[in-house]
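In case you want the letters, here they are:
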Amino acid sequence: MEQTLPSPKDLEKIRGLQLFARTTAEGLHSGIHRSPLKGASNEFKQHRPYVQGDEIRKIDWKIFGRSDRFFIKEFENETERSSLLLVDVSGSMGYRSPGEEENKLDYAARLAATLAYILNAQGDPVGLATFDVGLREMIPARSRRSHLSVLCQKLGLMTPGKEGDLAQTIREVAARLKRRSLIMLVSDCFAPSEPMIKALSQLRIRGHELLVFQPLHPDELDFPFKRGTRFVNLEDAEDEEQVDPSTLRKSYLARLGEWQEELAGGLLQHRIELFPMRTDVPVGEAVSNVLAGRGV
Amino acid sequence: MPFSFLNKILLLGTLAFLIPLIIHLLNKRRLQTIEWGPMHLLREAQKQKRRRPRLEKWLLLLVRMLIPVLLALGLAVPAIKHFGLFTGSPPRATAYAVDNSPSMRTLEGASTRLSGARGLLEKIGGDRPSGSHSILLTGSAAPVAVENDNPLAVVESEDGLRAAGGFSPAEALRRASAALGETDEAAREIVLVTDFQKDDWTGPGREAIRDALAEIRALDPSPAITFLRAGGSEEAASGSGNLALVSVEPSVPVVAPRQPLRLLVNVRRSAQGALPDDFRIELRGEGGALLDESDCRCGAGESTQVVFKTQFEKEGDHPLEVRIRTTDALAADNVRHLVVPVWPHLKVLLLEGDRGQSRLAPVDFLEFALQPNRSAGLQGVDLVSAGRVRYDQFNESHLRDVRVAVLLGAPRLDEGRLKLLTEFVDGGGGLLVLPGPDAQLSWYRDQFFKGGEGLLPAPLGDRERLSAGEGVVLDGERLFHPVTAFFKDEGNGRVSDGRVRSYYRIDETAAPDLATLLQLKNGAPFLVEKLHGKGRVALMASTVDPDWSNLPLQPFFVPLLQRLCVHLSAGTTLPANVQAGENVAIEVPREWREKEVILVDPAGRETTLEVGEGEKRTARVASESGAGFYRFRRPPGKGDGERVVAASLPADDSKLLSETEVATLVEELGVGFAGGLEDYRALDKDRSFGRVVWRWFAYALLAFLFLELFIQQWMARRV
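The structure displayed is predicted, hence computed values, not measured ones.

Draft legend 1. Geometry of the overall build of chain A. Broken down by element type, chain A carries 9 helices and 10 strands. Residues counted as buried form 48% of the 296 residues belonging to chain A. Within chain A, residue pairs in contact and separated by at least 24 positions form 75% of the contacts whose partners lie at least 6 positions apart. As displayed, chain A has an accessible area near 15,000 Å², and 49% of this comes from carbon and sulfur atoms.

In structure tokens form, the structure reads like this:
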């Protein structure tokens with residue numbers, strides 16, 4: 001995957017994100033912490049190619065000696081639950097009001113960083129996957145302290161991409177996740193609800209636990225537009241609608257409500273929890289609300 | 001084109017449909033753009049509403065665009081043709097232009113052509129759909145709006161129609177078209193009712209009609225034009241035969257009190273018709289008093305003459321009416337009106353030159369011709385009272401009360417007397433100059449003619465002397481001047497018997513304003529005149545001497561001199577007898593100091609006329625009320641006095657176009673023609689007229705305004 005070096009602005013954003021995660025998470029920490037499960041297994045599971053962030057000590061040097069390539073020797077670990085932050089970087093996450101600096105993806109990054117920090121602080125391995133039309137990038141779960149920096153760096157450099165395809169992403173993620181994990185999906189879920197529920201239920205069937213964090217912009221929730229507007233699809237510039245918002249608001253809000261209900265209801269059937277979040281609510285407050293209902 | 005507009009300029013208003021369109025486009029340009037995520041929600045929300053609101057929006061825009069269009073169309077007064085296909089005949093505006101020349105009074109069977117036309121028009125009017133308008137025009141009267149089913153009710157009344165002189169179809173068509181321009185109906189028609197007098201429809205009149213029709217056809221909507229024949233042809237009209245008073249000619253234009261006047265009455269009878277050969281002619285004076293009557297006889301197609309003699313006791317204008325007692329086809333030409341001015345004695349001063357060797361000098365001949373009764377020692381009364389004085393001895397006192405001076409054989413005048421004579425002419429006096437053998441031609445040319453500024457009408461050239469017995473005769477054919485036209489009838493004297501042996505050449509090229517009264521057969525002017533100031537000066541090329549000409553011995557000489565003196569004495573006096581339709585005018589007598597005079601027309605109606613300003617105070621009006629007497633009086637309480645002018649019909653007003661000629665005429669002019677009611681109905685059936693439908697547009701506009709309001713409300717409710 002082609003990667004450009006982060007710009008100074010990106011670096012500052014990354015550092016800010018890390019600091020934000022720490023301050024936010026530490027503020028939340030007391031009283032809601034559940035000790036992470038400890039233990040290790042020596043039962044060999046598989047070899048896999050080395051990726052950035054893997055511990056050097058897990059490299060199978062014998063294989064390196066034979067093939068001159070880095071392979072990691074993995075063992076079955078039944079007691080330690082790893083988590084995966086699955087962040088939607090599709091076009092729709094790039095929404096922001098005219099004049100606003102931050103978009104929904106920035107909010108998602110802060111949210112993901114905060115969650116990662118909490119899990120990392122607990123010693124739980126945390127991985128990160130981003131997706132739009134398919135899986136864009138995936139960092140395996142690690143529990144090392146330094147891993148948080150890797151995650152924050154990735155989160156800080158996320159940019160909105162193309163059209164999101166969650167079903168395809170789920171298939172790819174499922175193929176990559178060998179252990180049962182806690183998958184935290186951060187997505188506005190702007191896609192038809194039924195196929196989305198179906199895709200997420202596949203993960204549940206495989207034994208993964210799922211939490212869906214749904215950051216929504218106040219504009220998307222209130223539809224405050226008044227004069228004639230041309231709405232251009234963030235994921236497809238050629239797709240546009242000209243509407244008179246004042247005549248459409250009522251039916252839009254009704255349809256939004258229906259859709260949210262369908263989504264929440266459908267997910268709940270598969271014991272998947274949905275946490276809608278307004279992006280004008282601070283991340284700390286939002287996470288606190290979530291943790292109050294469920295510890296992470 | 002099935003549609004036309006009476007007010008095309010307002011059609012530009014239809015462009016106002018652009019206003020809502022521009023507003024729509026401007027609004028569209030002002031759209032904000034939002035990059036949006038949940039397009040599926042937006043689309044689903046719109047799904048149910050999308051088509052209908054769009055449809056409604058376009059419908060609303062369409063309605064808004066149509067509103068100004070309808071308004072503009074309505075204001076432009078649209079007219080639909082072929083309207084009758086849907087709803088029957090539309091209301092129609094019809095202008096009936098009725099020929100009111102005297103021949104329309106011709107009897108055909110039991111009724112006049114006009115009465116026949118009335119019956120016809122009543123039926124045509126009755127056929128008109130309700131709501132139609134009718135306008136009646138006669139030859140000269142103002143258009144009158146009339147009842148639709150009785151368009152000629154007004155015509156039969158004295159007010160609506162009196163026989164005027166002539167009828168101008170071109171003028172009638174123009175006036176009818178202008179009157180129709182005031183109406184609302186798109187269905188317009190001009191019905192011209194006439195008996196097709198030949199004079200009205202041929203010659204320059206035909207060209208004028210063509211021009212008028214071209215103007216009318218250029219209009220939009222152009223009215224349909226129908227010529228409707230009133231009565232039948234001349235053949236039909238002559239069924240009962242006709243007697244016409246062609247003319248009544250007084251022997252002298254002006255008489256003195258108790259001077260005998262001879263009136264020559266010319267009567268003509270049509271070739272066809274069963275009239276009795278014997279009839280009676282009456283001469284009536286003031287108040288219809290019978291002055292004289294005469295039984296006469298005239299066969300079919302013949303002419304006859306009757307002479308009446310009369311005289312008047314008092315000065316003033318004496319109206320005379322000559323009437324044939326008969327019941328013929330056309331009553332209008334059975335009467336003629338005449339005014340005879342009776343003046344006090346006309347004082348003529350003869351300024352004589354040297355008598356010469358002859359026993360009878362020219363002045364003697366002149367004196368005899370001017371006052372024949374007195375000269376012959378008879379009892380009769382002469383209009384002229386002549387005095388004589390030598391040309392070099394007269395002074396201002398001699399000219400007092402003199403109306404005409406005759407300068408006879410004077411070699412020249414001294415400066416003082418020339419000035420005196422000039423003042424006399426400028427003041428309205430008449431001067432007759434007869435240069436004799438002693439005339440000093442250089443003085444006549446330099447002082448008397450003076451390059452056109454002097455009294456003499458034209459410079460004298462050399463004297464022509466022809467050998468005795470030869471001479472040159474007077475031209476008896478070129479008699480156009482009012483003074484000499486009298487001699488066209490040789491019964492009044494044969495001018496061509498006059499033979500001149502010696503005369504002065506008159507250089508008419510040097511005097512452009514010259515009027516020639518008589519000329520010699522060789523073309524040389526013999527008697528000429530011109531206006532000078534308020535008076536007139538006549539010049540005879542010869543003198544009254546048997547050595548110079550045989551004029552003094554000719555029968556026409558006395559009436560010629562008498563008429564010439566009356567003519568010269570009248571200065572620029574206005575005529576007392578005119579043709580009907582022409583202007584009647586009088587010179588208001590000096591003692592009438594009022595600024596207004598009352599005119600009583602032949603119908604007995606009184607009108608107040610303003611007296612024109614200027615040296616000559618005149619009162620003038622067109623003789624629109626037809627033939628008869630027009631009496632001018634002082635306003636009530638201002639004193640007595642009356643001036644009268646007679647208007648007579650044209651002498652020849654009964655030649656009609658034949659059926660073939662009418663057919664050619666209407667084909668050439670491209671107008672509809674109907675000889676009767678059935679003809680007209682058949683013609684009318686094939687016509688399609690338009691109807692002004694602005695009301696429909698007004699209703700549609702109202703409906704669209706409500707529709708716009710409704711759509712807007714409906715759309716608002718659906719949000």
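Draft legend 2. Examining the confidence of the model for chain B more closely. Residue and element names in this part refer to chain B. Averaged over all residues, the pLDDT of chain B is 81; the fraction at 70 or higher stands at 85%. Across residues 151-163 the pLDDT falls below 50, and counting only partners more than four positions away or on other chains, this stretch makes 39 contacts in the model. This complex was scored by the predictor with a pTM of 0.48 and an ipTM of 0.77.

Draft legend 3. Representation of the nonpolar core in the model. The biggest cluster of nonpolar side chains holds 84 residues, and the ones touching the most others in it are Leu431, Phe448 and Phe526 of chain B. If one sorts the elements of this core by residue count, helix H14 (residues 557-569) of chain B sits on top with 7 residues. Leave out the neighbours within four places in its chain, and Phe448 of chain B touches Leu407, Leu418, Leu431, Val433, Trp443, Gly454, Leu455 and Leu456 of chain B. Among the nonpolar cores identified, the runner-up in size contains 42 residues, and Ala129, Met196 and Leu216 of chain A together with Leu41 of chain B belong to it.

Draft legend 4. How the structure looks around helix H8 (residues 245-269) of chain A. All names here are of chain A. For H8, spanning 25 residues, the distance from its first C-alpha to its last is 34 Å, which sits close to the expected 36 Å at 1.5 Å a residue. The largest bend in H8 comes to about 30°, at Ser251. Where H8 is concerned, the buried positions are Pro245, Leu248, Tyr252, Arg255, Leu256, Trp259, Gln260, Leu263, Gly266 and Leu267. The first or second residue beyond H8 is Arg271, which carries a positive phi of 55°.

Draft legend 5. Focus on the interface of chain B and chain A. On the side of chain A, 31 residues touch chain B, which itself brings 21 residues to the contact. Around 2,600 Å² of area is buried between chain B and chain A when both sides are counted, 63% of it from carbon and sulfur atoms. Linking chain B with chain A are 3 salt bridges. Between Arg43 of chain B and Glu241 of chain A there is a salt bridge; the shortest N-O distance is 3.2 Å. Our count for the contact surface shared by chain B and chain A stands at 11 residue pairs in polar contact (both at pLDDT 80 or more).

Draft legend 6. Local environment of the pairing of strand E20 (residues 404-408) of chain B. Residues and elements named next belong to chain B. E20 sits mainly inside the fold: 5 of its 5 residues count as buried. The two faces of E20 match: Val404, Val406 and Leu408 on one face and Ala405 and Leu407 on the other face are all buried. The sheet contact formed by strand E18 (residues 346-352) and E20 spans 5 bridges and is parallel. Counterpart to Leu350 in the pairing with E20 is Val406. Here E20 runs beside strand E21 (residues 430-434); their pairing, made up of 5 bridges, is parallel. Across the sheet, Val404 pairs through a bridge with Gly430, a residue of E21.

Draft legend 7. Geometry of a nonpolar patch on the surface. All names here are of chain B. Taken together, Ile9, Leu10, Leu12, Leu15, Leu18, Ile22, Leu26, Leu71 and Leu75 make up a surface patch of nonpolar side chains, about 830 Å² in accessible area. Among the secondary structure elements, those contributing two or more residues to the nonpolar patch are helix H1 (18-29) and helix H2 (39-75). Along the chain, the position of Leu12 falls in the loop between strand E1 (3-5) and H1.

Draft legend 8. Molecular detail of the packing of helix H4 (residues 113-127) of chain B against helix H16 (residues 677-685) of chain B. Residue and element names in this part refer to chain B. Between H4 and H16, the least distance of the axes is 10 Å, while the angle of their chain directions is 30°. Here H4 lies roughly parallel to H16, going by the angle between them. The two elements H4 and H16 cross, and the hand of that crossing is right-handed. Only Leu677, Tyr680 and Arg681 of H16 make contact with H4, whose side of the interface consists of Leu120, Lys123, Ile124 and Asp127.

What counts, and at which threshold
Residues numbered from 1 in each chain as written. Chains lettered and ligands numbered in written order. Predicted model: local features only at pLDDT ≥ 70, side-chain atom pairs only at ≥ 80, totals over all residues. Heavy atoms only, no water. Helix = DSSP H or I, 4+ residues; strand = E, 2+ residues; numbered from the N terminus. Buried < 20%, exposed > 50% of the residue type's maximum accessible area, 1.4 Å probe, protein only. Contact = heavy atoms within 4.5 Å. Areas by Shrake-Rupley, 256 points an atom, 1.4 Å probe, with all protein chains shown as cover. pLDDT = per-residue confidence, 0-100. Core = buried A, V, L, I, M, F, W, Y, C linked by side-chain atoms within 4.5 Å. Expected span 1.5 Å × (residues − 1). Bend = angle between axes of the 7 residues up to and from the residue. Buried area = accessible area lost by both parts, 1.4 Å probe. Salt bridge = Lys/Arg side-chain N within 4 Å of Asp/Glu carboxyl O. Polar contact = N/O pair within 3.5 Å; in protein donor to acceptor, adjacent residues only side chain to side chain. Pairing = 2+ DSSP bridges. Patch = residues over 30% accessible without salt bridge, like charges linked within 9 Å, V, L, I, M, F, W, Y side chains within 5 Å. Axes fitted to C-alpha atoms, helices over the stretch in contact; angles between N-to-C directions. Parallel < 35°, antiparallel > 145°, perpendicular 65-115°, else oblique. Left-handed = near helix turned anticlockwise from the far one by under 90°.

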